[in-house]
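So the chains spell out like this:
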Amino acid sequence: MIIPKTREEIELMRESALLVSKTLGEIAKVIRPGVTTLQLDKIAEEFIRDNGGIPGFLGLYGFPNTLCMSPNAQVVHGIPNAKPLEEGDVISVDCGVLKNGFYGDHAYSFEIGEVAPEVKKLLKVTKESLYVGIREFRIGNRVEDVGNAIQKYCESHGYGVVRELVGHGLGKKMHEDPEMPNYGKKGRGKLFIEGMVVAIEPMINMGTKNIKQLKDGWTILTADGKPSAHFEHDVALIDGKPEILSTFQYIYDALGIVSNEEDEFRKQPLAIK
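Residues numbered from 1 in each chain as written. Predicted model: local features only at pLDDT ≥ 70, side-chain atom pairs only at ≥ 80, totals over all residues. Heavy atoms only, no water.

### Points about the pattern of salt bridges
Scanning the entire structure with this criterion turns up 19 salt bridges. For Glu-26, the salt bridge is made with Lys-29, and the minimal N-O distance between the two is 2.8 Å. Remark: Lys-29 and Glu-26 occur in helix H1 (residues 7–30); sequence separation between them is three residues, near one turn of the helix. Residue Glu-26 is classed as partly exposed on the basis of its relative accessible area of 22%. Lys-120 is the salt-bridge partner of Glu-111, the closest N and O atoms lying 2.8 Å from each other. (Salt bridge = Lys/Arg side-chain N within 4 Å of Asp/Glu carboxyl O. Helix = DSSP H or I, 4+ residues; strand = E, 2+ residues; numbered from the N terminus. Buried < 20%, exposed > 50% of the residue type's maximum accessible area, 1.4 Å probe, protein only.)

### Regarding the environment of Thr-219
Within the element layout of this structure, Thr-219 appears in the loop between strand S11 (211–213) and strand S12 (220–222). Each C-alpha atom of the pair Thr-219 and Asp-234 lies 23 Å from the other, and the pair is 15 residues apart in sequence. Sequence-distant contacts of Thr-219, defined by excluding residues within four places in its chain, comprise Gln-74, Val-76, His-77, Gly-78, Ile-79, Lys-212, Gln-213 and Leu-214. Polar contacts involving the side chain of Thr-219 include one to the side chain of Asp-216, which spans 2.6 Å. (Contact = heavy atoms within 4.5 Å. Polar contact = N/O pair within 3.5 Å; in protein donor to acceptor, adjacent residues only side chain to side chain.)

### Looking at the pairing of strand S8 (residues 176–180)
Bridging between strand S7 (residues 167–169) and S8 involves three bridges; their strand directions are antiparallel. Its bridge partner being in S8, His-168 is matched across the sheet by Glu-179. (Pairing = 2+ DSSP bridges.)

### Considering the packing of H1 against helix H2 (residues 37–50)
One can describe the packing of H1 onto H2 by two numbers: an axis separation of 10 Å at closest approach and a directional angle of 140°. Handedness of the crossing formed by H1 with H2: right-handed. Residue-level contacts link Leu-19, Lys-22, Thr-23, Glu-26, Ile-27 and Val-30 of H1 to Leu-40, Ile-43, Ala-44, Phe-47 and Ile-48 of H2. (Axes fitted to C-alpha atoms, helices over the stretch in contact; angles between N-to-C directions. Left-handed = near helix turned anticlockwise from the far one by under 90°.)

### Observations concerning the sheet that holds S7
Reading across from one edge, S8-S7-S9-S14-S15 is the order of the five strands in this open sheet, with antiparallel pairing throughout. With one partner strand each, in any of the chains shown, S8 and strand S15 (241–244) form the two edges of the open sheet. Each adjacent strand pair in this sheet contributes to an overall mean axis angle of 25°, direction not counted. Sheet topology places strand S9 (residues 197–200) next to strand S14 (residues 233–238); four bridges connect them, and they run antiparallel. If you follow Val-198 over to S14, its bridge partner there is Val-235. Where H1 meets the sheet, its contacts fall on S9, S14 and S15, and the angle it forms with S14 comes to roughly 165°.

What follows is the structure in structure tokens.
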């Protein structure tokens, strides 16, 4: 059952989402070749706690860390470790926060140093597909309208769209109804309702859509060993239209990137502080 949120609850969820966004911004300041994912995990946990939040992933379903860190052929749910990042790596950093009784859940795929042009294109298309999907999150549409838009966009570039892992509703629980797949047929699935909040998160592979899991019980890999990309926003349905609660702007400020990609999904400009 979809649980709609009041305007007041959505504003609390915006705070949770923005704490995740700020945490990813802190990661962006220090992520580079030679840094380990365990070092980044420690930075994230301390920042979240110092800002009144609780790491949302730590202990969730038994997960051992604050961040899911998934480099290269890892799709999602990678466990931080002591192996240094290397020039040319690409890594999905997925972070969750519990604050004010509500969860935020937000992810970005970082380039480590100079990455190969084909990997850069994979990241670009995957991030673009996130916004393609968000545009379909509106009153009158259904769950698979979002998935269909993401699938068509990514498959038109020859990429594999993961089937087994999906986005989800968000609220007082990390995972609520509905599931938000990144594939589907137009006109199918649950009808969107005013006040619902979802995490939309394309997980797109350079090669096959097929995946496998490591023996650690968490890490998901592409079946062919080719790179994967992952981007995620928290989005509320307000006045029938999508409004992004999270932002990549803290990341962009740290990396010197100029972008207006989120502007169409905000009623008011985001005050970065």
